[in-house]
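Single-letter residue listing:
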Amino acid sequence: MANNLLLIFCLLFSDTIQLGSTLPEQPSQINSNSILVALLDSRYTELAELVEKALLLPTLEQAVYTGNLTIFAPQNEALERELDPEFKRFLLEPGNIKFLQTLLLHHILPIKLTQGSWPTEPTESTRHSALSNDLVEFSCSFSSNHSQVTNKYVGAVKVVHPGSIVRPDGIIHGIEKVIIPKSVEHAFNNRRSLRSISAFKPEGAPEIDPRTHKMLSEKKANSVPIDAHAHSKLSIYEAMAPAPSLAPAPAPGPGGPHHHFDGERQVKDFIQSLLHYGGYNEMADILVNLTNLATEMGKLISEGYVLTVLAPNDEAMAKLTTEQLSEPGAPEQIIYYHIVPEYQTEESMYNAVRRFGKVAYDTLHVPHKILAKEADGSVKFGDGEDAAYLFDPDIYTDGRISVQGIDGVLIPPEEKKKAKIANQNVKKFNKPRRGKLLEVACSLLRVFGQDSQLIKCQEK
């Protein structure tokens, strides 16, 4: 009996040893000399921040534990300034973390590629699988006599700092810009594409020829084929209803049972945001009560256009004089000059003025533009006494309408000059003038050289 128990114990003990040997070892703590530690402490800060935001550190730690890594790191400028703001916003949305992870893993290979791993012949190219499971192509450009490598490429992106950081478990190569996988690019384009809108023929709206901007007769309209993928909509200026300085006819809306963009609802939401934010009641009042701009903006958004509203606060609006608001169409013209037919955020505008110094934005008050520049760590619009600063950034941003609060009312420079000239003309007109008969008499006396005899002719 004792022998049998001993035999069973030995068998169980041996199975336990075999089972323990088959279990995978748990990853040990990452080494301070690891390529991941070097990435987080390197000059590629923008990439390191995105890796942390994408929650990829555990995945990369596991990859380093099982093998080496090659990281193609875009320069900070490529991620901070040169990347499309709308695309970057798309990547950073919480629901799109998978696309951000795919894009970042597309820059990382589970092998260590040194500088000598690129092809050595002009016609050669090699491919390696990235952690995103996509194949990445490697190629080189050569001198005219094919004797020397001039540049190395990952896909279509140039490697500007080969072997920037080297560690025992990996290497980092600095690249010129971001490599965008086809899957991420396709997802982004599908999201912002308006082809589904143009695929539906408007119901109850006139047909407009996009080439001549004139209405087609019913016979011509039926004979013209409709291309669902053609970008034939009118410009945002031509899509607006007639205004004091704008006269083209409005473009047809999407119509039908498919309302892809509820523009009126979005305009109501941003006006409510102005009221709840506080300090912008005058702007909301002009949009709702004094003009029909809210309705027109809703139609534009339904058409697929995007707008940025520079909203002056109540303190700035209170400085407007009665003369400025009493002229016919004056409130509309003032608001038109504060609407930019682009989607801009505080970040995108500040990055633009910081990079280019001065940026001119189109407005719906054609042909006037708003000049923006960097000042005191913010964005300054206009010059002189009527300049305004971006005071309350991103009051409302939904991808179609962006509302930015400013601390002044903007006036086009040309209109300032006209106002000055008008004031000068008024002063001249109020001066006493000589009678018409006296002017004729003086001119006759000049003919005979006797005008000096009449004192009134000597007066100017």
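Residues numbered from 1 in each chain as written. Predicted model: local features only at pLDDT ≥ 70, side-chain atom pairs only at ≥ 80, totals over all residues. Heavy atoms only, no water.

Helices and strands together make up the secondary structure of the chain, namely 20 helices and 14 strands. Put simply, the chain has 460 residues, and 37% of those count as buried. Residue pairs in contact within the chain that sit at least 24 positions apart in sequence constitute 63% of those at least 6 positions apart. (Helix = DSSP H or I, 4+ residues; strand = E, 2+ residues; numbered from the N terminus. Buried < 20%, exposed > 50% of the residue type's maximum accessible area, 1.4 Å probe, protein only. Contact = heavy atoms within 4.5 Å.)

Take proline 393: it is sitting in strand 13 (residues 388-397). Separated by 15 residues in the primary sequence, proline 393 and serine 378 place their C-alpha atoms 9.8 Å from one another.

Geometry of an aromatic ring pair is reported as the spacing of the ring centres plus the angle between the planes. This structure, assessed with the given rule, holds 9 aromatic pairs. For the pair phenylalanine 87 and phenylalanine 90, a centre-to-centre distance of 6.3 Å together with 25 degrees between the ring planes defines the contact as stacked. Of this pair, phenylalanine 87 and phenylalanine 90 both sit in helix 6 (residues 85-92), 3 residues apart, which is roughly one turn of that helix. Note on accessibility: phenylalanine 87 and phenylalanine 90 belong to one class, buried. Taken together, the ring pairs connect Phe87, Phe90, Phe99 and Phe188 into an aromatic cluster. (Phe/Tyr/Trp six-rings, centres within 6.5 Å; stacked < 30°, edge-to-face > 60°.)

The next subject is the packing of helix 11 (residues 263-277) against helix 13 (residues 293-302). Helix-helix packing: each pair is described by the crossing angle between the helix axes and the interaxial distance. Between helix 11 and helix 13, the shortest axis-to-axis distance is 7 Å and the interhelical angle comes to 125 degrees. In this view, helix 11 runs oblique relative to helix 13, as classed from their interaxial angle. Seen from above, helix 11 lies across helix 13 with right-handed handedness. In contact with Gly263, Glu264, Gln266, Val267, Phe270 and Ile271 of helix 11, helix 13 contributes Ala294, Met297, Gly298, Ile301 and Ser302. (Axes fitted to C-alpha atoms, helices over the stretch in contact; angles between N-to-C directions. Parallel < 35°, antiparallel > 145°, perpendicular 65-115°, else oblique. Left-handed = near helix turned anticlockwise from the far one by under 90°.)

Okay, the pairing of strand 8 (residues 307-312) next. With 6 of 6 residues buried, strand 8 lies mostly within the body of the structure. With burial as the criterion, each face of strand 8 is covered, one bearing Leu307, Val309 and Ala311 and the other bearing Thr308, Leu310 and Pro312. Bridge analysis of strand 8 against strand 14 (residues 401-406) gives 6 bridges, and the strand direction is parallel. From the neighbouring strand, alanine 311 faces strand 14, where its bridge partner is glycine 405. (Pairing = 2+ DSSP bridges.)

Our next topic: the sheet that holds strand 2 (residues 108-109). Reading across the sheet, the 7 strands line up as 2-1-7-6-5-4-3 and stay open at both edges, with mixed pairing between neighbours. The open sheet terminates on both sides in strands that have one partner only, identified here as strand 2 and strand 3 (126-129). In terms of strand pairing, strand 1 (residues 69-74) meets strand 2 through 2 bridges, oriented antiparallel. Its bridge partner lying in strand 2, isoleucine 71 is registered against isoleucine 108.

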